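Each chain is listed here by its residues.
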Amino acid sequence: MKIYYYLLFRIYMFYAKREKHNNLLSTSFLSTVFVSLNLIAVFLTINYLGLVQIVNPIIIASSMILLWAFNYYLIIRKKAFLNQDFKEDKKGGILVCYYIIFSFLLVFIVAQLNRERIFNV
């Protein structure tokens, strides 16, 4: 959980330096996007292996909304990630950037594999 708190801290500090509106809401939206990307990558991998078929996009969208609500109301709104004594260091920023790049690449690669499997059938 500490790693997720650090990600939330870095996102929060990014918005705190650049914007004057609700940083908690922005942090919750962006962190939900990253977690959703990871869950989509896992789902696409399971789909690629043939264990589950692709479900309705409405179910996926509603799951993302529920994930955001859980994320905001149970984790971010309590601001527990701000009480962890994190520091903004270069190494942590680079690791967060690698995580973001890895998340997007993973979804892209697994989606491409699924596309190839679908069109070759």
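Relevant structure appears above.
Keep in mind that this is a model prediction, so the values were computed, not measured.

1. Points about the overall build of the protein
Counting its secondary structure elements, the protein contains four helices and zero strands. Starting at the N terminus and ending at the C terminus, the protein contains elements arranged as α-α-α-α. In terms of its C-alpha atoms, the protein occupies a principal-axis envelope of roughly 50 × 30 × 25 Å. Counting the 121 residues in the protein, one finds 31% classified as buried. Considering only contacts within the protein whose residues lie at least 6 apart along the sequence, 79% involve residues at least 24 apart. Summed over all atoms, the accessible surface of the protein reaches about 8300 Å², with 70% contributed by carbon and sulfur. A distance of 4 Å separates the average location of the 13 positive side-chain charges in the protein from that of its 5 negative side-chain charges.

2. Notes on the packing of helix α2 (residues 23-48) against helix α4 (residues 90-120)
Axis separation between α2 and α4 bottoms out at 9 Å; the angle between their running directions is 30°. Of the possible angle classes, the one that applies to α2 and α4 is roughly parallel. Between α2 and α4 lies a crossing of left-handed hand. Along the contact surface, α2 presents F34, V35, L37, N38, I40, A41, L44, T45, N47 and Y48, while α4 presents Y99, I100, S103, F104, L106, V107, V110, A111, L113, N114 and R117. Tallied by class, the residues present in the contact of α2 with α4 amount to 15 nonpolar, five polar and one charged.

3. Topic: the side chain of R10
Relative to the helices and strands, R10 resides in helix α1 (residues 2-18). Although R10 lies buried, it forms no salt bridge, and the closest oppositely charged side chain, D89, sits 4.1 Å away as judged by the N-O distance.

4. With respect to the nonpolar core
In this structure, Y5, L8, L24, I75, I76 and F81 are the most contacted members of the largest nonpolar core, which totals 24 residues. Sorting elements by how many residues they give to this core places α1 first, with nine residues. Beyond its immediate sequence surroundings of up to four residues, F81 is in contact with Y5, L8, F9, Y12, L24, I76 and F86.

5. Comments concerning unusual backbone geometry
Notably, K79 is not glycine yet its phi reads approximately 60°, a positive angle. Residue classification places K79 among the partly exposed positions, given a relative accessible area of 36%. A positive phi angle, close to 60°, is found at D85, a residue other than glycine.

The rules behind these values
Residues numbered from 1 in each chain as written. Predicted model: local features only at pLDDT ≥ 70, side-chain atom pairs only at ≥ 80, totals over all residues. Heavy atoms only, no water. Helix = DSSP H or I, 4+ residues; strand = E, 2+ residues; numbered from the N terminus. Buried < 20%, exposed > 50% of the residue type's maximum accessible area, 1.4 Å probe, protein only. Contact = heavy atoms within 4.5 Å. Areas by Shrake-Rupley, 256 points an atom, 1.4 Å probe, with all protein chains shown as cover. Lys, Arg positive; Asp, Glu negative; His and termini not counted. Charge placed at Lys NZ, Arg CZ, Asp CG, Glu CD. Axes fitted to C-alpha atoms, helices over the stretch in contact; angles between N-to-C directions. Parallel < 35°, antiparallel > 145°, perpendicular 65-115°, else oblique. Left-handed = near helix turned anticlockwise from the far one by under 90°. Nonpolar A, V, L, I, M, F, W, Y, C, P; charged D, E, K, R; others polar. Salt bridge = Lys/Arg side-chain N within 4 Å of Asp/Glu carboxyl O. Core = buried A, V, L, I, M, F, W, Y, C linked by side-chain atoms within 4.5 Å.

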